[in-house]
Structure formats: structure tokens, C-alpha cells
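Observations on the three-dimensional arrangement
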Amino acid sequence: MPNITLTIDGKRVEVPKGTTILEAAKKIGLFIPTLCHLDLHDIKMVNQTASCRICVVEIEGNRRLMPACATPVQEGMKVRTNSVRVLNARKTVMELILSDHPKDCLICSKSGECELQDLAEILGIREVRITGRSQSVYKKDYSPSIIRNMDKCIMCRRCETMCNDVQTVGALSGINRGFDAVVATAFEVPLEESVCTHCGQCVAVCPVGALAEKDNVWAVVEALADPDKVVVVQTAPAVRVALGEEFGYEPGTIVTGKMVAALRRLGFDYVFDTDFAADLTIMEEASEVLDRLQRYLSGDTTVPLPILTSCCPAWVNFIESQFPELLDIPSSAKSPQQMFGSIAKSYYAEKLGIPREKMVVISVMPCLAKKQEASREEFQVDGNPDVDLSISTRELAHLIKQANLDLRELQEEEFDYPLGMSTGAGVIFGTTGGVIEAATRTAYEWLTGRELETIDFEQLRGMDGIRVATVPIDDFELNIGIAHGLGNARALLEEIEAGNPRNLHAIEIMACPGGCIGGGGQPYHHGNIEILKKRAAAIYKEDRNKPIRKSHENPAIQELYETYLGKPMGEKAHALLHTTYSEKQKV
Amino acid sequence: MSSSVVSQTLDPSKCKQLDQFIDQLPSKKGELIAVLHKAQEIFGYLPKEVQQHIAKRLEVPVAKVYGVVSFYSFFSMEPKGEHPISICMGTACYVRGAEKVLNEFKKELNLEVGETTPDGKFSLLSLRCVGACGLAPVVMVGEKVYGRVTPEMVKDILKEYQ
């Protein structure tokens, strides 16, 4: 592609044709402020609505100011990014946005993380001269996972782009016009009645407090303060490689031991690990894979293949509402969060000699959909949920800070036994490709009866949205598919519907780009997708550091089967660790 | 669809008419507005069920369809009366007193904008510029255009349709 030369603020810059002024400016170290713009190229999300007009610049010979984010460069263009006219326009635009934005920043859920707040500070806005009609009429929409507070919406449309273009869920769209314009569901139904999967990626990209998680921090504090309750906590794999960011650590820092110490100081009676339940998931899921494969190889053509992983609740919501005809192919294994809750309130409660009602199970998840999953009726016994409360990585950071603790000051500690015992296979659940790699490690050894020479399946790793790899197991070639991000999942599912031309046997699907490390409950990445890669690297590092790296070799898991569950997929395992799916008709 | 949404089933013959229109389109891409126009012509308005049907046929999210329907004042989710009255609130009509005319219609019919009289005879709508600014303020009843309307003329206009 031919290059184009232009000058920005007097500096010459040469860039390929098609580059925007914003990108060209960045190349020479000029950071034009943006608000609605969000470029997450690696996950194919570019929000280029040019709706906020914060990034306007002056182009010589052009009467109007132009948005830098959406204006392509032209040969010989002379751009000013900081003239009086530009700065004046930028401030005015900002004041106009603020004139219709609530000023309750002190108590806003995005306080300290708000891009509008940051921008007001950068632009030095100290008063809003524009007064007039202000929109404060939308009813808050409460769901078990996400709360929509549309009074705070600035119509940047990032959530809409994420929901429609990246995730292909289609729950959100801009509706109405002018002052009444807002992002909403079809017919403005509550989020829970919409096709929303609760993945929380809209929350992850919302620059303001319009979209936020349902905050369960105080409910956890109350549970911890109740002397009659035994409070058990489980932490998902992706939390330990991201929590540190909230305390000033570099992205990708592993804070497992410090997190455990913090949880113990917070007063949890038992600090356990979702990684244990991930190992348990592998026992069931790998058994299911083997069972289906063996039936398939012996000539049974009715076997539902490929088998799909079922760890991700947003993904389960997606298939239940959008691909009901495929509901016989996912593994029936519950997610690790739910397996943990189920085992904690049966096996472990019995061990402690307490009724399940006396136990409170709290989960710390990188995810918002886990909140909704925990509330599903299938995961309750006589109205008592297996997992009582789920909090996100961000909420755990708040909880730790409210208890006057600083992760940096804490000495590392170990998880409690037995439900805190886990392997490297459990850890890698936290990133895309991890679940299927963990399952392959176990399935390989079970099928061949031989120990793996190389535990790392590099061909299953990476950040490409859809990956396909073949793993030879003796003379059988296991074809594996991996998709992360629901748009990629949709593409793979459509391929299955079209007759599975690549003959895939097993598929891992994660709703969030990057897998759980990029979950909707993780510390905000603010558009820096490099953070996800660092978290993924940390996950694999944590795996390598584990003395045991295959789920079936976890001694606590072996003990659980020997003393309580019996065989994988056996009667008791089936009752406690498996679930069913049903079509969910949503708007 | 959840119970709150499906309140009625669609008339199969009208549905077929709409499907035929969709089927003869060269491509489904970018045709949403054309299809909505046709659907409103066939059904008289665009209830949820029609929007859901269109979303399915055009393979776009229902939220997007609703987004477009709620954006353009031409599209209506309420059934219109036998004689839909549209008052132009475009700039030219507005400055020449369209609001007073609208208020008079509201008073006479006891209706708010977007509503239909209980007998189904009249519905009241406001729209943006019909392209007859020289006649401002403009009122349309069905296809008939009235120019230079004053509040005093409202009663007489209504009488024509009683």
C-alpha cells in the first residue's frame, strides 16, 4: 500500500494509506484524547462511531473540525491537534456531554476507573457553563450479573459494538433519537429477558458507570460476620494473574499466595480453589470425551460429536438461546464453579458434620456471568444454592481494600486441603485453550495407558480467535477446535451445523476474548489488550510451576472419588456433577 | 419468546405477503428500512411480533430492528386510526405555530401524540418536515394535505371525517 506524508502539529509523518489521523499522531507521540473510540484490533473490535467528537482536530483548508479517530490521512495534509480553536471545541464538547451526565462521581461504581472523569481532568474542566434539559429518566435495569444505569450513558456505542460485532449476541442497540436516544434491549425488556448472555464484555468496555456489575461485596461482608455460618471461598484460575493489577503490580504478576493470605485475613473459614473443581471437571469431561469417542470408533453413528466444553456460563446461555438444536452436544459436566459448590455442600459439609444450610459458598470469579449461573434453579437444593454469592476480581480487590489490607504487605500462604489442592491442568482453565489442553492431557493417558512425554500442547495455545489442531493419540487423530469470543463461537457452531467438514471431535468455547483472563469481571484493561497476553503467559507459568500437572493425578481428587463419588460418570458423580440444558426463548 | 413479548400471532396471509416481498429482494443486507416500510403498509403498524419476524428473516438482531423503528417517527408500534392525523413539527412549520395547532388537536380529540381514539377513528402523530414548507404549518390527514393551518381550522378539518 502506498504511503502518505502529512504534518501534524508541524511534525512530518509518513504512514500507510488508510491510516487515521489519530493513529498517525500516535506514531509521533501525540496522544489526541478520545472517548467513544476503542480499538481492540486483536479481538477484531473497532468502535469508530465518531459520536463523541472529543478527538476533533483542525485540518488546513477545511472549514470544519474533523474527528481524528475516523478521518483518514491525505497526502500533504496539515493537521493541528492543539490549536486554540481545537481546544475550545474540545472543552465545549466535553461540557455538553457533562451537561447531561449525572455528577455523582463520588459514589459511582466506575469512580476512579471512569474515562469521562479522566478526560474532564485532562481537559481541565472546572465548570459546566451549559445548563438545560438533563436526562435522568431511565429506570435502572437490575439483573443477577449486570446493572444498567442508562442515565450515565454517553452514547459512545462501545457496548453495542461489542455485543453485536464481537460477541454477535445482539442484545443491545441504540434506540430512539435526539435527547431520548439510549442503548437498550429490544422493546426495552429487562436484560434478563433479552438474549444477553451475561458475559459482561459490555461492562468491560463501557467508559462510564452506565454498565456495571451487580456488586455483592457487602453481602459477602455480612456472611463473614455471621457467627452461625461456615464461610468457604473458591477462587477461579484467572483471578490470581489479574488481582495484582488492582494493587499496582505489573499485569501478569502472579499473586496466588498473597490472595490466599488476604482471604484468610478477611475471615473465610476455608480458603479453597476453583482449580480443584477444574481438575474434577476434567475427570468428568475427559471421561465423557472418551466414552463418546469409543462409541464413535466402534461404529455408533448416533454419538453426539463434537463434544463441546461447558465451563463457561455465558457460552451456555448463548447456545441455549441461539442454537437450541445443538443442545445435545455440549458436555453435561457442570462448570468448575458449580462443581465446587456442589461438592463443598455435600462431601465437605458432611466431612465437617454440618448441614448444607450452615455453609456459605462464595466464589471469586473473573466473570459476571458466574453471578447469573449461581442463581440458576438447577444449581439449588431445596432452594439453597450450591454457590451463594459470586464476586468478581474487581470486587475482591474492593473487599481487600475495605478491610485495610494491602496485597503488597501480605506474606504468601497456601490454600487449605482438600478442596484447595490442584494441578497445573486446573490452572490453565483460565485462558483460551486451557480446558481442552487439560482434558487432552488426561484423555491421552487414559486412552493409551502411557505417560505423556510432553505435557505442554503448544498447538492448542495462542490468541487466534478460532484455532484447530490435531493431536495424535496412537493411531487415532483427535481433531480439536477452540473458539474464544462468542462471535468466533458462532462461526464454529455454524460450521458444525453445516456438517462438521473438519471432522472436529472436541471443541472448547469461551465467551470472552482471551478466555477467562479477559472476563467481564477482571480489572479494566482500558483498551490495552496486551494485558491479556501477559495474564495468559502468567497462567502458563503457574502451570509449569505446579508439581503435578495432570488432573487425574491430583491426590485430593483421587481421594474424593475413592471415598465418596465412586467412578467418574458414575451414579453419584452424575447426580452431583452433571446438569442438563434447555432451550431458553429470549428477546 | 418470553410471554411478555408474544401477545398475539400474526395474520398468516399478511405474513405471506411480507415474506414474498422479502424473498424478491436481491439481497437481505441493507434492506431493513425498505422491509419495515412494506411491513407497516401491510400490517398498518409494527407490533413486536412483526419486528421479531423481520429480524429472523433478515438475520439481524431484534434490538437493531427496534432501534430503527424507534428512531424514525414514521414507524409506529401502535395501530393507527382510520384517519391518521400528522402534524408537521419541522422547523418551518414549528416557527409558524405548528405547536398551537397540535395542542388544539390534542384538546379536541383528547389524545396525546402517538395515541388513537377509543373508536379507532383518529390517531395523532407528529412528524418532521413533509417537504411542503411553503404551506407551513402543514397537517396531513391520511394522504390529504392541509396548508397554513390555524388552531381555528382544527374543528372544521375534523368535521370532514365525522
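None of the values given here were measured: they were computed from a predicted structure.

Concerning helix 9 (residues 313-322) of chain A
Taken across its 10 residues, helix 9 of chain A has nine buried, putting it largely inside the fold. Elements in contact with the buried residues of helix 9 of chain A: strand 15 (307-308), helix 11 (369-374), helix 15 (486-497) and strand 22 (506-510) of chain A.

Brief notes about the domain arrangement of chain A
Per the domain assignment, the segments making up chain A are domain 1 (27-69 + 79-122), domain 2 (141-213), domain 3 (229-276 + 337-409) and domain 4 (283-332 + 422-577). Relative placement of domain 1 of chain A and domain 3 of chain A: their C-alpha centres are 38 Å apart.

Section: the pattern of salt bridges
All names here are of chain A. Under the definition given, this model contains 48 salt bridges over all chains. Note that Lys-371 is salt-bridged to Glu-395, the shortest N-O span being 2.6 Å. Placement of the pair is Lys-371 in helix 11 and Glu-395 in helix 12 (residues 393-402), with a sequence separation of 24 residues. The same class applies to Lys-371 and to Glu-395, which are both buried.

Describing the sheet that holds strand 1 (residues 3-8) of chain A
Residues and elements named next belong to chain A. Ordered by their spatial adjacency, five strands build an open sheet running 2-1-7-5-6, and the pairing between neighbours is mixed. Whereas interior strands pair on both sides, the edge strands pair on one side only; in this sheet they are strand 2 (11-16) and strand 6 (66-67). Contacting strand 5 (56-59) and strand 7 (78-80), helix 2 (residues 84-99) runs over the sheet at an angle of about 155 degrees to strand 5.

Some remarks on the nonpolar core
All names here are of chain A. Grouped together as the largest cluster of nonpolar side chains are 155 residues, with contacts concentrated most on Leu-243, Trp-315 and Leu-396. Apart from residues no more than four positions distant in its own chain, Trp-315 is found in contact with Leu-308, Thr-309, Leu-486, Ala-489, Leu-493, Ile-509 and Ala-511. Counting residues in each nonpolar core, the second largest holds 30 residues, with Phe-272, Tyr-348, Ile-557 and Tyr-564 among its members.

Quick notes on the domain arrangement of chain B
Parsing chain B into structural domains produces domain 1 (12-71) and domain 2 (83-159). Measuring from the centre of the C-alpha atoms in domain 1 of chain B to the corresponding centre in domain 2 of chain B gives 28 Å.

Brief notes about a nonpolar patch on the surface
Together, B:Ile33, B:Phe71, B:Tyr72 and B:Phe74 make up a nonpolar patch on the protein surface, roughly 340 Å² of accessible area in all. Here B:Phe74 falls in the partly exposed class, since its relative accessible area comes to 45%.

Overview of the side chain of A:Thr71
Residue and element names in this part refer to chain A. By the secondary structure assignment, Thr-71 is in the loop between strand 6 and strand 7. A polar atom in the side chain of Thr-71 sits 2.5 Å from the backbone oxygen of Pro-67. Contacts of Thr-71, omitting those with residues within four sequence positions, involve Thr-19, Thr-20, Ile-21, Ile-59, Met-66 and Met-77.

Some points on the sheet that holds strand 16 (residues 359-365) of chain A
Pairing between the strands of a sheet comes from backbone hydrogen bonds, and it takes one of two forms, parallel or antiparallel. Residue and element names in this part refer to chain A. One open sheet holds the four strands; their spatial order is 14-13-16-19, and the pairing between them is parallel. Where the open sheet ends on each side, the last strands, each with one partner, are strand 14 (270-273) and strand 19 (389-392). On average, adjacent strands in this sheet sit at an angle of 25 degrees to one another, irrespective of strand direction. Of the pairings in the sheet, the one linking strand 13 (residues 230-235) to strand 14 comprises four bridges and is parallel in character. Considered in strand 14, the bridge of Val-232 is made with Tyr-270. Relative to the sheet, helix 10 (residues 336-352) contacts strand 13, strand 14, strand 16 and strand 19, its axis offset from that of strand 16 by approximately 150 degrees. Each of strand 16 and strand 19 is contacted by helix 12, which is oriented at about 90 degrees to strand 19, the strand it contacts most.

Overview of the interface of chain B and chain A
The interface is formed by 18 residues belonging to chain B together with 20 residues belonging to chain A. Remark: the boundary between chain B and chain A carries one salt bridge. With a closest N to O distance of 2.7 Å, B:Lys64 and A:Glu160 form a salt bridge. If you look at where chain B meets chain A, you find five residue pairs in polar contact (both at pLDDT 80 or more). Those elements that provide at least two residues to the side of chain B that touches chain A are helix 3 (48-58) and helix 4 (62-71) of chain B. Here the side of chain B that touches chain A gets seven residues from one element, more than from any other, and that element is helix 4 of chain B. The residue inventory of the side of chain B that touches chain A, partitioned by class, reads nine nonpolar, seven polar and two charged.

How each quantity is defined
The numbers attached to residues start from 1 for each chain and follow its sequence in the written order. Just so you know, chain letters begin at A and ligand numbers begin at 1, following the order they were written in. Totals for whole chains, interfaces and linings use every residue, but because this is a predicted model, local features are given only for residues with pLDDT of at least 70 and side-chain atom pairs only at 80 or more, for both listing and counting. Side-chain metrics in this entry use all non-hydrogen atoms of the structure; hydrogen atoms and water are not considered. Partly exposed describes any residue whose relative accessible area lies between the buried limit of under 20% and the exposed limit of over 50%, with all areas from a 1.4 Å probe on protein chains only and scaled to the type maximum. Every helix listed is a DSSP run of H or I at least four residues long, and every strand listed is a run of E at least two residues long, numbered separately from the N terminus. A contact between two residues is defined here by any heavy atoms of the two lying within 4.5 Å. Delimitation of the domains relies on an automatic or database domain assignment. Here, a salt bridge means any side-chain nitrogen of Lys or Arg that lies within 4 Å of a carboxyl oxygen of Asp or Glu. DSSP calls a pair of strands paired once it identifies at least 2 bridges connecting them. Axis lines are fitted through C-alpha atoms, for helices just across the contact stretch, and the angle between N-to-C directions can take any value from 0 to 180 degrees. The criterion is simple. A nonpolar core is a set of buried Ala, Val, Leu, Ile, Met, Phe, Trp, Tyr and Cys residues joined through side-chain atoms within 4.5 Å. Distance thresholds for patches are 9 Å for like charges and 5 Å for nonpolar side chains (Val, Leu, Ile, Met, Phe, Trp, Tyr), applied to residues having over 30% relative accessible area and no salt bridge. For the area figures, the Shrake-Rupley method with a 1.4 Å probe applies, and any residue is considered shielded solely by the protein chains shown. Here a polar contact is taken to be a pair of N or O atoms separated by no more than 3.5 Å, where protein atoms must pair a possible hydrogen donor with a possible acceptor and residues adjacent in sequence count only if both atoms sit in side chains. Note on residue classes: Ala, Val, Leu, Ile, Met, Phe, Trp, Tyr, Cys and Pro are nonpolar, Asp, Glu, Lys and Arg are charged, and everything else, Gly too, is polar.

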